[in-house]
Amino acid sequence: MIKYTSKINKIRTFALSLVFIGIIIMYAGLFFKTSFVVMSIFMVVGFIATIASAGVYFWIGMISTQAMQVVCPNCGKVTKVLGRVDACMSCNQPLTMDKSLEGKDFDEKYNSKREMRKENR
């Protein structure tokens, strides 16, 4: 069985990984103390990755405020749904806001307008 995760959690995980990747890159720069230029490049690239994570966190925060809030039928907790199909943020239950998709197998391609046009033909 495929395990689904919510889009908001996926993006937050990506942002968190950017923080750690940035710190690791900056730490790797310390191994090049003898070459100031190489060390500086590692430090700047790591700093940019860390700052990019702040931008991603801000972006997903803005999207999260506009997401539709629903009560998960499986766990009963309030969760946020982005797009036509998403998964519960707590129990990963597939959810949909589109009545025409009820009863169909969960597939994230339903969020793509291009894929839905192909299916409707």
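Relevant structure appears above.
Notes on the structure follow. (Residues numbered from 1 in each chain as written. Predicted model: local features only at pLDDT ≥ 70, side-chain atom pairs only at ≥ 80, totals over all residues. Heavy atoms only, no water.)

As for the nonpolar core
Among the nonpolar cores identified, the biggest contains eight residues, and these are Ile-8, Ile-11, Ala-15, Leu-18, Val-56, Ile-60, Ala-67 and Leu-82. Looking at this core, the elements that each hand over two or more residues are helix H1 (7-29) and helix H2 (36-66). If you tally residues by element for this core, the top one is H1, at four residues. Sequence-distant contacts of Ile-8, defined by excluding residues within four places in its chain, comprise Ile-60, Ser-64, Lys-80, Leu-82 and Met-89. (Core = buried A, V, L, I, M, F, W, Y, C linked by side-chain atoms within 4.5 Å. Buried < 20%, exposed > 50% of the residue type's maximum accessible area, 1.4 Å probe, protein only. Helix = DSSP H or I, 4+ residues; strand = E, 2+ residues; numbered from the N terminus. Contact = heavy atoms within 4.5 Å.)

A few points about H2
Spanning 31 residues, H2 covers 46 Å between terminal C-alpha atoms, matching the ideal 45 Å at 1.5 Å per step. Residues of H2 that are buried: Met-39, Gly-46, Ala-49, Ser-53, Val-56, Ile-60 and Ser-64. Residues of H2 that are buried make contact with H1 and strand E2 (78-81). (Expected span 1.5 Å × (residues − 1).)

Any link to function would need more than the numbers given here.
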